[in-house]
Amino acid sequence: MISWLAKRLRLWLARHWLAIPGSPSIGQIWLSSRLQFAELATIDATNEPRLAPYERLAPFYDDYAGHWCLRYDNYLVQLANARNVPQTSVLDLSCGTGGLVGRLAKRCERVVGLDTNPYMLALARSAAGAYENTSLVASDFRQFALGERFDAIVCASDSLNYVASDDELARVVQGIAHHLKPGGLFVCDVLGRVFSSVVSGHYLHYESPTVRFALAFEFDPETGRDSTRVLFPDGVEHHDRMAINDHQLMDAAKSADLQLIERFGSLGRRYFSFTRV
Ligand SMILES: C[S@@+](CC[C@H](N)C(=O)[O-])C[C@H]1O[C@@H](n2cnc3c(N)ncnc32)[C@H](O)[C@@H]1O
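Computed from a predicted structure; not experimentally measured.

J.: Explanation requested: the pattern of salt bridges in the structure shown.
T.: Oppositely charged side chains are able to pair whenever their charged atoms sit close together. Taken as a whole and assessed by the stated rule, the structure comprises 16 salt bridges. For Asp 73, the salt bridge identified is with Arg 71, shortest N-O distance 3.1 Å. The closest approach of N and O atoms between Asp 246 and Arg 263, which form a salt bridge, is 2.9 Å. With a gap of 17 residues between them, Asp 246 in helix H9 (residues 246–255) and Arg 263 in strand E12 (residues 258–265) connect regions that are remote in the sequence. You can call Asp 246 buried: its relative accessible area is 17%. By relative accessible area, which is 39% here, Arg 263 ends up partly exposed. When salt bridges that share partners are traced, they join Asp 158, Asp 189, Arg 241 and Arg 269 into one network.

Right, dumping it as structure tokens:
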């Protein structure tokens, strides 16, 4: 009984620590209805030249996103403990620069990171390369086939939002279920329509001693599509995503035989954990 309570308490704490940054960002972030970096005005107006997603952002991503870097390593361990399931092999789907792959490698026997973006993967290779129990795969999460099943799969920091439709979301979630062992865990977070509507028409500014850039948000409530432009002095990245509300993810999970364990979070970021039936 005491050990059951201790596991529940640790899971409860892990849930609350999830969104506490692992390392503080070195830059400042603020939102404004007007673009405040004069050097980005022309790029904002002309939308030229176009850069590939993460072509410029990748090297600054960890500092910038460190503000909301999510501690899934701890949460996954506590969730697996509370449910008495192993957490030997973990897939980090859309692993980005590989920070979570590295943290998971310290706590699990084997970690695979998958991402489609060459700029993010290049950084992940140097971050995760320090750990012998990790490997990285270049693949699209809408059609991946790794030929093995994992104890747990994590898709962190609204990576799932990089889909274009409910059908694509369902396809990604089917792929996840297919790569999970029975009883395996899937944890993720998504940004929903409330978040996209609130930031739409605004600029998120990032300033550090080495770089200044801004994110321009635009949300179309009719299509549910979210288009974020990342403005740099020498070009603009376009990130096309879809806002995902609870019921959309729940429908996709249901059709893939994933059972909800818990969901929590704010109206902005929503966290989910599922198990494969
Ligand atoms: C917001 S970043 C999050 C990265 C990482 N999960 C983290 O927590 O820092 C979104 C990631 O999703 C990846 N991504 C976008 N579309 C993808 C796709 N179709 N297949 C796989 N990864 C994708 C991007 O390349 C990027 O690394």
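Past the structure itself, the notes keep going.
J.: I'm lost on the side chain of Thr 134 in this one. Help?
T.: Mapped onto the secondary structure, Thr 134 falls in strand E5 (residues 134–138). The buried category is assigned to Thr 134, whose relative accessible area is 15%. A distance of 3.0 Å separates the side chain of Thr 134 from the backbone oxygen of Tyr 131, its partner in a polar contact. Discounting residues that sit within four places of it in the chain, Thr 134 has contacts with Val 101, Ala 105, Val 111 and Ala 128.

J.: What exactly am I supposed to notice about the side chain of Arg 241 here?
T.: By secondary structure assignment, the location of Arg 241 is in strand E11 (residues 235–242). What Arg 241 contacts, discounting residues up to four positions off in sequence, is Asp 158, Asn 161, Tyr 162, Val 163, Leu 191, Gly 224, Arg 225 and Asp 226.

J.: Help me out: how do you make sense of the packing of helix H3 (residues 58–65) against helix H6 (residues 118–128) in this one?
T.: When two helices pack together, their arrangement is given by the angle between the helix axes and the distance between those axes. Interaxial distance between H3 and H6 falls to 9 Å at its minimum, and their mutual angle equals 75°. Classified by the angle their axes make, H3 and H6 are roughly perpendicular. On the side of H3, the interface is formed by Ala 58, Pro 59 and Tyr 61, while H6 contributes Tyr 119, Met 120 and Leu 123. Among the residues forming the contact of H3 with H6, the class breakdown is six nonpolar, no polar and no charged.

J.: Which parts of the structure should I look at to understand a nonpolar patch on the surface?
T.: Residues Met 1, Trp 4 and Leu 5 make up a contiguous nonpolar surface patch of about 390 Å² in total accessible area. Along the polypeptide, Leu 5 turns up in helix H1 (residues 2–17). What makes Leu 5 partly exposed here is its relative accessible area of 46%.

J.: Would you mind showing me how to read the environment of Tyr 64 here?
T.: Note on placement: Tyr 64 falls in helix H3. Taking the C-alpha atoms as reference, Tyr 64 lies 27 Å from Pro 221; in sequence the two are 157 residues apart.

J.: Could you clarify how one ought to interpret the environment of Ser 208 in this entry?
T.: Turning to its location among the elements, Ser 208 is positioned in the loop between strand E8 (203–207) and strand E9 (212–220). Separated by 132 residues in the primary sequence, Ser 208 and Leu 76 place their C-alpha atoms 32 Å from one another. Leave out the neighbours within four places in its chain, and Ser 208 touches Ile 26 and Gly 27.

Reading the values: the criteria
- Residues numbered from 1 in each chain as written.
- Predicted model: local features only at pLDDT ≥ 70, side-chain atom pairs only at ≥ 80, totals over all residues.
- Heavy atoms only, no water.
- Salt bridge = Lys/Arg side-chain N within 4 Å of Asp/Glu carboxyl O.
- Helix = DSSP H or I, 4+ residues; strand = E, 2+ residues; numbered from the N terminus.
- Buried < 20%, exposed > 50% of the residue type's maximum accessible area, 1.4 Å probe, protein only.
- Polar contact = N/O pair within 3.5 Å; in protein donor to acceptor, adjacent residues only side chain to side chain.
- Contact = heavy atoms within 4.5 Å.
- Axes fitted to C-alpha atoms, helices over the stretch in contact; angles between N-to-C directions.
- Parallel < 35°, antiparallel > 145°, perpendicular 65-115°, else oblique.
- Nonpolar A, V, L, I, M, F, W, Y, C, P; charged D, E, K, R; others polar.
- Patch = residues over 30% accessible without salt bridge, like charges linked within 9 Å, V, L, I, M, F, W, Y side chains within 5 Å.
- Areas by Shrake-Rupley, 256 points an atom, 1.4 Å probe, with all protein chains shown as cover.

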